[in-house]
Amino acid sequence: MSNIILKAENISKQYRLGLVGTGTIADDLKRWCYKLLGKEDPFLKIGEANDRSSNSSANYVWALQNINFEVNKGDVLGIIGKNGAGKSTLLKLLSRVTSPTTGEIKTKGRIASLLEVGTGFHPELTGRENIYLNGAILGMTKSEISKKEEEIIEFSGCLGYIDTPVKRYSSGMRVRLAFAVAAHLEPDILVVDEVLAVGDAEFQKKAIGKMQDISRGDGRTVLFVSHNMAAVRNLCTRAIVLEHGETVFEGSTDEAVDYYLQKENSKLSSTGIYTHKEEDLQNGFSLKSVKLFNSNNENQSLFLSDEYITVVVEYVLDKTFNDIRINLKVLSKNEDIIVFTTSSHSSDETDKKAGNYRTSVRLPKDFFNKGQFKIAINAGVPGIEVLFPSSYVLDFQIEKLTPSGSITNTVFPGITAPNLEWNVTKLAHDK
Amino acid sequence: MNTDQKDQWLYTISSKRKLIDLNFKEIWRYKDLLILFVKRDITTLYKQTILGPLWYLIQPLFTSVVFTLVFNNLGAIKTEGIPPLLFNLAGITAWNYFKQCLSGTSSTFKKNANIFGKVYFPRVIMPISIIISNLLKFSIQVVIFVGFYIYYVSIGKDIQPSSTLWLFPVYIIVMALLGLGVGMIISSLTTKYRDITVLVGFALQLLMYMSAVPYPVSEAKKKFPEMVATLVEYNPLTQVIEGFRHMLLGIGEFNLIGFLYTLGISIILFILGLIIFNKTEKTFIDTV
């Protein structure tokens, strides 16, 4: 007996682009005539894949196209993708806010959706009254809410204000109260949009903790949409990647996140050479190239963990500067900054006059863990002006070596993996 | 095996829809929400006002006074021996209930787009909650009507409710069905075509004059051009207002055919409204 609790079969959603205007009536009539004649909807055939940035010629667009997936009981499914990839549309369909143009979603459990916290809060009602109203809107019954009232109030931390109209609340308090209600929902399937990105740091931590409890402890099925890759990795057991309304990847969370980030980063050069295209010298500075070299002075983008990585930056100065700095950042693929380093120059003007320059910095060996890293460069006059805004120029890959010198596939957690010394001493007073 | 599995699904989300897809079990499950919506509507309407629910009384009372001055004193419309104020109050109380049901439900989709866009619950809960909360306002207005009624009787006016008084709840249901039906149709149309919102405001105003609110039908027959008089007579609302006054004040005749005609129309409009509302609720969020 299968454990499938939710199944999406071939779901697609079509939207109309542009204004709803006079064309709408004409299209509606046409559609209606076709229906009367028993023909297929003429507008379902047209429509392009959804691409936000390119100018599309069709009036109709597919926000989602032929999405198929299954969710087992207890799964926490992450849905990731760029803005406009169709994530929210998918959530809307799942939470029955709107229905798909074609296809079906079948479910065996009650779905509660959290596309927003505090839906239906009425400013004139008190906190307590809003707990009931919001809870009921989200699908709880009055007795269910009564049982949890104390818990909700405690979780929100708004006890002192609970009998004050919500319009007197600070926005943070409102969100806390709203999330508290939502967190105490007990549906079979919970659909969550990026509502975690609310509240102060303390509350966010609490919220993520609660989400973890819900998914891990209670074995609830959760569908989770987020841009926060760390949260997705943390919470989800499986993930799908959407792009232009289509599923491009489905699998384990780590693979999916890697796939997504790789796609995002594929614009970067991975040859170990970056050449700057524009030759603009507007503010007297121009970046020419950034190159990576290994210990043998070979141009590379793949490094072994026991190799030094030398970053060579070439730039042109068009005038004499009083001071100048080249800054280099190494980032993990989640875009956390791991290393920040700034160039050092002589105290006089010898290396700040107009001319061509090359500067280099050596990154330590036995420092990075296996994985993908990015390099970002910027340049400026400290405290005065930005000559070259921070931008990603290169990425590189590290392969970890075992002590014996062979490449290993075992990955230990962590972004860095420096070689550290461990000491074991047998204690004397032991028998 | 395949059919076996199909039976286990709790529900299916798809584009296909039945003509009327009212899931009463589901609506019942959301009954607490219905109650809370009604409570919200009532408690928040006059928050931070000094007179509070007194406003429920002031509106019909002043309208009745103005109607009496304009139509009965100035316009000399006869009210068949009933004090004009009481006559107008009866008509306005009934009319107000219909009007508020209609205008309340007609903005269901537009007004609640932000909630409907985020959470699912049976959408029909919203218009039903409006009907119920208006019922409470209506009953307050009935109380002042009864107050004046007692006053006029105590000063010796000969007013008697007719034997059709037992139809009172039926009239309320008819008005609710009419208001709900038309309101749901309008709210569905406004999701795409906003023109209708503009129309509703003044159409209701005009409709009141075509529904024999400030005058009895007998007067209309005497003084209106024939075509207009027929229009007024065949307006289902006229039947409701006339019947309502007949029931409470004992004027005119009880028109059984007119009553059944109105009942029929209101049921048809209600079902039509449900069908259209149901068709709209699934995707309105894409167009609203």
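Scoring rules and cut-offs
- Residues numbered from 1 in each chain as written.
- Chains lettered and ligands numbered in written order.
- Predicted model: local features only at pLDDT ≥ 70, side-chain atom pairs only at ≥ 80, totals over all residues.
- Heavy atoms only, no water.
- Helix = DSSP H or I, 4+ residues; strand = E, 2+ residues; numbered from the N terminus.
- Buried < 20%, exposed > 50% of the residue type's maximum accessible area, 1.4 Å probe, protein only.
- Contact = heavy atoms within 4.5 Å.
- Areas by Shrake-Rupley, 256 points an atom, 1.4 Å probe, with all protein chains shown as cover.
- Phe/Tyr/Trp six-rings, centres within 6.5 Å; stacked < 30°, edge-to-face > 60°.
- Lys NZ or Arg CZ within 6 Å of the ring centre and 35° of its normal.
- Core = buried A, V, L, I, M, F, W, Y, C linked by side-chain atoms within 4.5 Å.
- Patch = residues over 30% accessible without salt bridge, like charges linked within 9 Å, V, L, I, M, F, W, Y side chains within 5 Å.
- Salt bridge = Lys/Arg side-chain N within 4 Å of Asp/Glu carboxyl O.
- Axes fitted to C-alpha atoms, helices over the stretch in contact; angles between N-to-C directions.
- Parallel < 35°, antiparallel > 145°, perpendicular 65-115°, else oblique.
- Left-handed = near helix turned anticlockwise from the far one by under 90°.
- Buried area = accessible area lost by both parts, 1.4 Å probe.
- Polar contact = N/O pair within 3.5 Å; in protein donor to acceptor, adjacent residues only side chain to side chain.
- Nonpolar A, V, L, I, M, F, W, Y, C, P; charged D, E, K, R; others polar.
- Pairing = 2+ DSSP bridges.
- Expected span 1.5 Å × (residues − 1).
- pLDDT = per-residue confidence, 0-100.

Time to look at the overall build of chain B. A count of helices and strands for chain B gives 15 helices and one strand. Within chain B, buried positions represent 50% of all 288 residues. Put simply, of all contacts in chain B between residues at least 6 apart along the chain, 82% involve residues at least 24 apart. When the accessible surface of chain B is split by element, carbon and sulfur atoms take 68% of a total near 14200 Å².

So, about the overall build of chain A. Scanning chain A from terminus to terminus reveals eight helices and 19 strands. Within chain A, the proportion of its 431 residues that are buried is 48%. A total of about 21500 Å² of accessible surface is found on chain A, and carbon and sulfur atoms cover 49% of it.

Attention now moves to unusual backbone geometry. Within the chain, Asn10(A) stands out as a residue other than glycine whose phi angle is a positive 55 degrees. Structurally, the position occupied by Asn10(A) is in strand S1 (residues 4–16). Overall, Asn10(A) belongs to the partly exposed group, its relative accessible area being 40%. With a phi close to 50 degrees, Ala76(B) is a non-glycine residue in the positive phi region. Position of Ala76(B) relative to the elements: it lies in the loop between helix H4 (54–74) and helix H5 (84–106).

Now for the packing of aromatic side chains. Across all of its chains, the model carries 27 aromatic pairs over all chains by this definition. Judged by centre distance (4.7 Å) and plane angle (20 degrees), the ring pair of Phe109(B) and Phe277(B) falls under stacked. With Phe109(B) in helix H6 (residues 108–111) and Phe277(B) in helix H14 (residues 256–281), this residue pair connects regions lying 168 residues apart in the sequence. There is no split in this pair, since Phe109(B) and Phe277(B) are both buried. Here Lys13(A) stacks its cationic end above the ring of Tyr15(A), 5.4 Å away from the centre of that ring.

Attention shifts here to the nonpolar core. Residues Phe224(A), Phe121(B) and Leu249(B) are the most contacted members of the largest nonpolar core, which totals 124 residues. Of the residues forming this core, the biggest block, 12 residues, is contributed by H5(B). Counting 31 residues, the second-largest nonpolar core is a separate cluster that includes Phe285(A), Val311(A), Leu317(A) and Ala379(A).

Residues and elements named next belong to chain B. A surface patch of nonpolar side chains, amounting to about 450 Å² of accessible area, comprises Val-65, Val-66, Leu-69, Val-70 and Leu-74. If you trace the backbone, Val-66 turns up in helix H4. Val-66 gets classed as partly exposed once you look at its relative accessible area, which sits at 46%.

The geometry of a pair of packed helices is captured by two quantities: the angle between their axes and the separation between those axes. All names here are of chain B. Interaxial distance between H5 and helix H9 (residues 168–190) falls to 7 Å at its minimum, and their mutual angle equals 25 degrees. Considering their axes alone, H5 and H9 lie roughly parallel with respect to each other. The handedness of the crossing between H5 and H9 comes out as right-handed. In this structure, H5 uses Ala-94, Tyr-97, Phe-98, Cys-101, Leu-102, Thr-105 and Ser-106 to contact H9, whose residues at the interface are Ile-172, Met-175, Ala-176, Leu-178, Gly-179, Leu-180, Val-182, Gly-183, Met-184, Ile-186, Ser-187 and Thr-190.

Okay, the interface of chain A and chain B next. With 52 residues of chain A at the interface, the matching set in chain B holds 40 residues. Here chain A and chain B share an interface that buries about 4100 Å² over both sides, 57% of which is from carbon and sulfur atoms. Where chain A touches chain B, the interface holds one salt bridge. Among the salt bridges present, the one from Glu26(B) reaches Arg96(A), with a minimum N-O distance of 2.9 Å. At the junction of chain A and chain B, the tally comes to three residue pairs in polar contact (both at pLDDT 80 or more). Of the residues assigned to the side of chain A that touches chain B, the class counts are 20 nonpolar, 16 polar and 16 charged.

Residues and elements named next belong to chain A. With antiparallel pairing, the four strands of this open sheet are ordered in space as S11-S12-S14-S17. With one partner strand each, in any of the chains shown, strand S11 (273–275) and strand S17 (355–363) form the two edges of the open sheet. Mean inter-strand twist for the sheet, computed between neighbouring axes without regard to direction, equals 15 degrees. Relative to strand S14 (residues 309–317), strand S12 (residues 285–293) is paired through eight bridges, and the arrangement is antiparallel. Counterpart to Phe-285 in the pairing with S14 is Leu-317.

A few words now on helix H8 (residues 125–154) of chain B. Relative to the 44 Å expected for 30 residues at 1.5 Å per residue, H8(B) spans 43 Å between its end C-alpha atoms, a close match to the ideal helical length. Phi turns positive one or two residues past the end of H8(B), at Gly156(B), with a value near 95 degrees.

On average, residues of chain B score 85 in pLDDT, and 94% of them reach the 70 mark or higher. Overall, residues 1–6 of chain B carries pLDDT values under 50, and its contacts beyond four positions in sequence, including any with other chains, amount to two contacts.

A few words now on the sheet that holds strand S18 (residues 371–381) of chain A. All names here are of chain A. Taking strand neighbours across the sheet as the criterion, the five strands line up as S13-S19-S18-S15-S16 in an open arrangement whose pairing is mixed. The sheet is open, and its two borders are formed by strand S13 (302–304) and strand S16 (337–342), each paired with just one other strand. Adjacent strand axes in the sheet meet at a mean angle of 30 degrees when their direction is disregarded.

We now examine the pattern of salt bridges. According to the stated counting rule, one finds 19 salt bridges over all chains in the structure shown. Between Lys167(A) and Glu124(A) there is a salt bridge, with its nearest N and O atoms 3.1 Å apart. Taken together, the positions of Lys167(A) in the loop between helix H4 (142–156) and helix H5 (171–183) and Glu124(A) in the loop between strand S6 (111–114) and helix H3 (127–137) put the pair 43 residues apart, joining distant regions of the chain. As a salt-bridge pair, Glu233(B) and Lys221(B) come within 3.5 Å of each other at their nearest N and O atoms. Highlighted residues: Glu233(B) in helix H12 (residues 226–234) and Lys221(B) in helix H11 (residues 217–223), separated in sequence by 12 residues. Via salt bridges that share partners, Lys7(A), Glu9(A), Glu70(A), Glu104(A) and Lys106(A) belong to a single interconnected network.

All names here are of chain A. Relative to each other, H3 and H4 sit at 130 degrees, their axes nearing to 10 Å. Overall, the two elements H3 and H4 adopt an arrangement that is oblique. Our pair here, H3 against H4, has a crossing hand that is right-handed. Judged by residue contacts, Arg-128, Ile-131, Tyr-132, Gly-135 and Ala-136 of H3 engage Lys-142, Ile-145, Ser-146, Glu-149, Ile-152 and Ile-153 from H4.

Our focus in this paragraph is the side chain of Gln372(A). Residue and element names in this part refer to chain A. Residue position: Gln-372 is located in strand S18. A distance of 3.2 Å separates a polar atom in the side chain of Gln-372 from a polar atom in the side chain of Asp-395. With near-sequence residues (within four places) excluded, Gln-372 lies in contact with Gln-262, Ser-332, Lys-333, Asp-395, Phe-396 and Gln-397.

Turning to the side chain of Asn294(A), a few remarks are in order. Residues and elements named next belong to chain A. With respect to the helices and strands, Asn-294 occurs in the loop between S12 and S13. A polar contact of 2.9 Å, which involves the side chain of Asn-294, links it to the backbone nitrogen of Glu-298. Setting aside anything within four residues of it in sequence, one finds Asn-294 in contact with Gln-300, Phe-303, Glu-307 and Tyr-308.

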